[in-house]
Amino acid sequence: MNSYFFTQPFFKKNGRAIAIYFLVAIIFWFVFLVIIPQLYMLDLSFRTNVPPLERGGPKDFYTFEHYQHFVFGSKTAQDAFNFVDLGVFGRTILVSIFVTLANLAFCYPIAFYIAKIANPSTARLLIVSLIIPFWINELLRSFALRILFANEGVINNVLTGIGIIDQGILFITYDIGLYTGLIYAYILLMMFPLYNAIESLDVNQIEAAKDLGSSTFRTHWRVVIPHAKPGIVSGCTMVFMLTVGALATPVVLSSPNTLWFPQLIYQWFNMNDNWSRGSAYSIILLIISVIFVLTMMRIFKVRIGEIIR
Amino acid sequence: MSADVELSNVSVTFGSFFAAKNVSVKIEGGEFFSFLGPSGCGKTTLLRAISGFQDPSEGNVLIDNKDMSGIGPNKRPTALIFQNLALFPLMTVSENIAFSLEVRGVSKTDRQKRADELLELIALEGQGEKKVHQLSGGQKQRVAIARALAVEPKVLLLDEPLSALDLKLRQRMRTELREIQKRVNITFIYITHDQGEALTMSDRIAVMNEGELEQVGPCDEVYNNPRTPFVATFVGENNPIYGRIKSIDGKTVEIDTPDGIFRSTINDNTNLNINDDAIAFVRPESLFLPRSDDNFDNSLPVIIDSFEFEGNIKNFYAHLKSGTKIKFSVPNAIDTSHIKNGSSINLGFDSQKSIILPKAPLAID
């Protein structure tokens, strides 16, 4: 059995040591980093919240109470539904969709410019300028934006200073700071799939369209965007998933009276010490993300293989 | 409807490099005109200047006597066929063909009708729903032509569109292109480095070298009466024999070479005087094996080096006493079994089949 195992083509091709290393690495990643945590969280989300000592005891049983709580709220509540949590959830999804679309609208022209218009040295400069700010931690970047957007912040001071406005704009209160921060936070994950997709388009295709009488808008709509579709879907899925799961940016930049769904999850885990409910909320977020990806794939008729190229 | 295309002193520079230098030529409406030249000679740049993708640094492009400066490629009455065809891979064949109509807002039924007409023209009826990748090389070629013809351009520009095809297909497409041109009767401007392609299809050709036009004229004229050593050696094959002018008598010139004195012909507009450095050119097919009844006015003593069989002809590689290489070809029907490597023979050629030109660089293959 042992010798049979090692005569498989995989071992012959890579040599025994490297083959074993590959297998161990892949199995470790898949089993310990993907399967077990997710299964554990799924299991936890269906259990009652009991202190660790009482685990396996009579109070530890399977229940839907955490999911029920998400929809209907606590049993003692007056309202028919858990409007607060559902509201936070719905708003998080909607804003994330908006952030994703805004990101796409912002990145497409830049990606196109870098990929097809700029000369190589300008393109390099632009790519470096995109990357350098991301050497700074997400939390710190959010604080930097907070400083810019604060009521007495840089932007307001400049605008009032030159007399465009009399009073500071409430960027934070109206969550303008939050949206800006979220759009900026994952911009690279939109930019690079888009850039890669557009870059691989033959320039002759664009010129051919133009030569056949197509306007710039038409050329993009019929030639460039269809070609870049896998990149668009890939960028959108990644930006959506990361935005919907963002924590640091909302903590720093959201207005005091708005909550981001991951903040809610964080509260259940850390402040209320209810890991089961936190898990249930996390699972709900995971399901929504999967539905979003599948919907995007369905709408744009893209296969998973094309997205992760 | 066809249109005249006129280039008037067109120069295109990239930095200090002249991609095209002071090019002036008038292409008649309905003509099949080719720009022929080695790669990098500026022919594609000229085509891009005509189609509107490249603004001339100096000079003007006129189509139907109208100055085209400031008019974009999407507003010119030209259509360009790209070297790699640039068909849209995500669209069907019909969508490709009707793209130019789609962008002009033509209704779907009219678009379909026109696409079907064009599919018939290129003998691809009923294949409109296929994706481009399902077609063969020759079919793609024809779709590219149909797509370019859909808006009835007055001028069709072709940038070496046959270069990716295999030999047989390329030869067939030459005939087909020529037929399509006759049928639609519009101006075709063709770019190629393949002189066979240019000669078989074109009404006239322009030979280009380093951004400049060397010679413009009907194919046979360019082939038979090249104006420069570059043209003489780029269009078809030619044997150069270097020497000095010994005498000029009307159109007949004697040239003194290390291998003897030969008689050659001078063109009307060639300026040569006694003692000038010159090159006499004689083509491989104009050199004949000696026969008793022939009466050539030149005899060229050569030593045979090697031989190659091409099918319809046999090519012999030889050298003169001075070392000058000579190639000559003999129809396969003629018996050459007595010619062995190393044997010395005298080849005959007619002074009228030879051209003399002032010394200048040749086309390097």
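Everything here concerns the structure above.
Keep in mind that this is a model prediction, so the values were computed, not measured.

> Talk me through the overall build of chain A; I want residue IDs and the actual numbers.
The secondary structure content of chain A amounts to 16 helices and zero strands. Taken along its principal axes, the extent of the C-alpha atoms in chain A is 75 × 75 × 35 Å. Every one of the 309 residues in chain A was classed for burial, and the buried ones make up 27%. Within chain A, contacts between residues at least 6 apart in sequence are counted, and of these 67% link residues at least 24 apart.

> Requested: an account of the packing of helix H3 (residues 16-45) of chain A against helix H15 (residues 275-300) of chain A, with residues and values cited.
Residue and element names in this part refer to chain A. Following both chains from N to C, one finds H3 and H15 inclined at 115°, their axes separated by 7 Å at the closest point. Seen along the crossing, H3 lies across H15 with a hand that is left-handed. Residue-level inspection shows Met41, Leu42, Leu44 and Ser45 of H3 in contact with H15, the latter providing Trp275, Ser276, Ser279, Ala280, Ser282 and Ile283. Classifying every residue of the contact of H3 with H15 gives six nonpolar, four polar and no charged.

> Mind laying out the sheet that holds strand E6 (residues 78-81) of chain B, listing which residues take part and the relevant values?
Residues and elements named next belong to chain B. The strand order E6-E7-E8-E3-E9-E10 describes an open sheet built from six strands, whose pairing is mixed. A strand with exactly one partner marks an edge of an open sheet, and here the two such strands are E6 and strand E10 (212-218). Here the average twist between neighbouring strands, direction ignored, is 15°. The pairing of strand E3 (residues 32-36) with strand E9 (residues 204-209) spans four bridges and is parallel. By the bridge assignment, phenylalanine 35 is partnered in E9 with alanine 206.

> How would you sum up the sheet that holds strand E11 (residues 239-249) of chain B? Please name residues and give values.
Residue and element names in this part refer to chain B. Spatial ordering of the closed barrel is given by E11-E12-E13-E19-E14, a layout of five strands whose pairing is mixed. Looking at each pair of strands side by side, their axes are set apart by 55° on average, direction ignored. Alignment of strand E12 (residues 252-257) against strand E13 (residues 260-266), held across six bridges, turns out to be antiparallel. Among the inter-strand pairings, isoleucine 255 is bridged to a residue of E13, identified as phenylalanine 262.

Analysis parameters
Residues numbered from 1 in each chain as written. Chains lettered and ligands numbered in written order. Predicted model: local features only at pLDDT ≥ 70, side-chain atom pairs only at ≥ 80, totals over all residues. Helix = DSSP H or I, 4+ residues; strand = E, 2+ residues; numbered from the N terminus. Buried ≥ 20, exposed ≤ 12 C-beta atoms within 10 Å, placed from the backbone. Contact = placed C-beta atoms within 7 Å. Axes fitted to C-alpha atoms, helices over the stretch in contact; angles between N-to-C directions. Left-handed = near helix turned anticlockwise from the far one by under 90°. Nonpolar A, V, L, I, M, F, W, Y, C, P; charged D, E, K, R; others polar. Pairing = 2+ DSSP bridges.

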